[in-house]
Every structure is written in C-alpha cells, then in structure tokens.
Amino acid sequence: MKLLVTGGAGFIGSNFIHYWLKNHPEDSIINLDSLTYAGNLENLAALKDNPHYRFIKGSITDPKIVEQAIQGVDWVVHFAAETHVDRSILGPAVFIETNVLGTQVLLDAAVKAQVKRFHHISTDEVFGALKLGDNKKFDEQTPYNPRSPYSASKAASDHLVRAYAETFGLPITISNCSNNYGPYQFPEKLIPLAITNLLEGKKVPVYGDGLYVRDWLYVQDHCRAIDVILQKGTVGETYCVGGMAKDVSNLEIIKAILNGLKKDESAIEYVKDRPGHDRRYAVDFSKITQELGWKPAFDFEHGIKATIDWYMKNKSWWAHIKSGEYKNYYAKQYGRK
Ligand code: NAD
Ligand code: TYD
C-alpha cells in the first residue's frame, strides 16, 4: 500500500508516520509538507534512510506538486492545515488558503488519480461550543456551528470532502477528533506551552477563568483510530474520536502538569481571555467503538506523564523552536517575552 500523507512534518502527522511505518513496515509513505512554522523535519529524522519513506517539500495549494506527489498512491491521509485558533484570530487569511483552497486542490488531484481512499482529518471544533455543566456531547449527528476562523475553515473543508464524495464519487472517510497531546506538539498549544514554560521557570498563561473544558486524547490513540478507519471504516462515513470519560477543566489540566513537575500554583498566571472562546468540548465516540472496536488505550494520567517525560528528555527539540519565530508570536499573543 502506498500512502500520501499531507502535513506529515507537523505534530499529529509525524506521530502518524512513525506509527504507520512501525505497524505496517511493508507500506510506503510520501509526506507532502510545505514546512510552515509548524512543520519540522527533526520529527522524522529517524526515518531519513528508510526506503519506505519519502519527503516532498511543497504546498497542498500547488496543483502541480500535488499532482506529482499523488501519482500511484492508494490512500491519501490529509493532515495539512493551519491549526492554531489564536493564530486564526491574529490572521485568518492563511487558514482559508490552506484549509479550504488547499483541500480543494488535493481533492481534485485525488479524483483524477482515482485514489482508493481519501481520509480527511478534522476536528470536533466544527461543532461549536457546549455549555458547562451540561452532559451533552458532540456526535456524528451534531449540526456544524464553527465559531473561530480556524474551526470555520475546517468546517468548510469537511463540507468540500463530502461534496466530492457525492459529486465525483471519491471514496472518502472523515474523522472529527478532539484535542490531541503528546510528543512533537508545537509549544503554542496549551499542554506543551505549559510544560515547556514551567521547565524554563516561566509562568503558565491561563485564559479567562480557566474553567474551559476540552476533550483530550493522547496522539498515539488518534493514530490508531485513523488506522482502524482506513482498514475497517465504511466509505462515506464520519467517525467522532475522543478520549475523556468526564469533563476536566484547563485549570485541572495545568494542575496535573504542575504536580508532574513538582511546581506549585504560584506558577499560574491569569491572562486576557481569547475572543469567542468555546466554553466546552466533549465527544461521544461510541460509533467508532461499537462499529470498529476502537477505544483510547491511554487515560489522561498515563498520557500526561508520558508527555511530560518526552518534553523533559527532548529539551533541544523545543528550545530550538522557542528561540526562533516563536518569540515574535509569543510577544504578540501574550504581550510579553
Ligand atoms: P500542526 O500545526 O502541528 O501541523 C500542520 C502541518 O501541516 C505542518 O507540518 C505544516 O508545515 C503543514 N502545512 C501547513 N500548511 C501546509 C500547506 N499549505 N501545504 C502542505 N503542508 C502544510 O497540526 P496538527 O496539530 O498536527 O494537526 C494536524 C491535523 O489534525 C489538522 O488538520 C488539524 O486540523 C487536525 N486536528 C488537530 C487536533 C489537535 O489537537 N492538534 C485535533 C483534531 C484535529
Ligand atoms: P489550545 O491548545 O489552543 O487548543 P484549542 O483552542 O484548539 O482547544 O487551547 C486549549 C485550551 O486552553 C483552550 O480552552 C484555550 C486554553 N489556553 C489557555 O488557557 N492558555 C494558553 O496559553 C493557551 C494556548 C490555551
């Protein structure tokens, strides 16, 4: 089997490539990535000499490169995207360009190349926000109600993927997954930002009252969910993927990290809230459990411990990132160094 992975130099994409080549060593992977600020080939350094892996530097918005990259491919696994909500508030245009137009370019090429599967990686954020204290969860029937430029661009890409299935007969599947965490996550997202700030002796910025709720999933469990969807999923179907049995607030997440690093709550700093901040996400993943037999293998306690350990052991990976363009972003977003 030959796979085209887009965005494979990012957080989930690079974890997926490692996962796939470990579990399916007979397959080959082409990784198409334009290496934005979030793309990092260091994540894949161990595969440099693997004959089953090839990297192509290029954008999914470039039809020529995409057409070359997709030659002879059986399955497309589409991760490439702009992914950070705060950056989508600072500058929405690139989110539309990559997430919407880029997906359309990729879909056109996939139809032409007659790929056997186009799997689109999406997010639970397309469903909007749930209320605190409510026991409602997102599932495959939840109407779309995106509330940030990021989630609106992902929602648009989901609609396009379904439209190409209906109009052009493209064999698609979609997964809408909750917040991932784990190795190689860019330290702009809450968990790696908190861990690395604390390791540097800095404070952790908490937006608003800190009582926002996300559904957290260890990245390896997400990779396994994509695997089962590719192997056993029904063409045309969508699967919601999540990891939590109960609500946990951002403050509780940060306290778990403080605890893991033996720090106290004086390292918490309340900062200005994100505009339009979605209050609560929770995912009902019973469809993928019942139909495909997937459930998370890591609970939060074990996942966060593995993640803290990874960031402690890989300081050079994140210190390198934090010394570059990241500094300008941090100053703009948080108003300080
Ligand atoms: P990331 O920001 O870490 O990585 C994105 C990757 O895409 C980078 O390597 C970047 O260089 C590449 N890229 C960006 N624009 C590109 C373009 N025009 N052409 C080619 N490559 C391009 O993102 P991530 O957290 O790994 O997320 C991957 C996917 O999973 C995204 O589609 C995202 O919406 C989805 N998702 C993420 C989460 C999460 O918690 N991180 C949860 C659910 C779904
Ligand atoms: P984030 O990791 O950006 O993911 P998303 O917004 O896509 O869910 O944020 C997770 C939660 O943490 C969200 O409620 C915003 C909050 N947050 C903070 O409180 N402080 C921060 O510095 C960041 C980056 C996020």
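Some details on the domain arrangement of the protein chain
Here's step 1: In terms of domain boundaries, the protein chain breaks down into domain 1 (2-181 + 216-241) and domain 2 (190-212 + 246-280 + 300-334).
Here's step 2: The straight-line distance from the C-alpha centre of domain 1 to that of domain 2 is 25 Å.
Here's step 3: Taken together, the 23 residues of domain 1 in the interface contact 24 residues of domain 2.
Here's step 4: Between domain 1 and domain 2 the total buried area reaches about 2100 Å² when both faces are included, carbon and sulfur atoms providing 53% of it.
Here's step 5: On inspection of domain 1 and its partner domain 2, the count reaches 3 salt bridges.
Here's step 6: For the salt bridge of R147 with D278, the shortest nitrogen-to-oxygen distance reads 2.3 Å.
Here's step 7: Scanning the region where domain 1 abuts domain 2 turns up 10 residue pairs in polar contact (both at pLDDT 80 or more).

Here's the deal with helix α8 (residues 250-260)
Here's step 1: What α8 keeps buried is the set N250, L251, I253, I254, I257 and L258. Seen along its axis, α8 keeps its buried residues to an arc of 160°; they face one direction.
Here's step 2: Contact partners of the buried residues in α8: α6 (190-199), β8 (204-207), β9 (216-218), β11 (268-271) and α10 (300-313).
Here's step 3: Taken from the residues just after α8, K262 is the one with a positive phi, measuring 55°.

Cut-off values and rules
Residues numbered from 1 in each chain as written. Chains lettered and ligands numbered in written order. Predicted model: local features only at pLDDT ≥ 70, side-chain atom pairs only at ≥ 80, totals over all residues. Heavy atoms only, no water. Domains from an automatic or database assignment. Contact = heavy atoms within 4.5 Å. Buried area = accessible area lost by both parts, 1.4 Å probe. Salt bridge = Lys/Arg side-chain N within 4 Å of Asp/Glu carboxyl O. Polar contact = N/O pair within 3.5 Å; in protein donor to acceptor, adjacent residues only side chain to side chain. Buried < 20%, exposed > 50% of the residue type's maximum accessible area, 1.4 Å probe, protein only. Helix = DSSP H or I, 4+ residues; strand = E, 2+ residues; numbered from the N terminus. Arc of directions from axis to C-beta.

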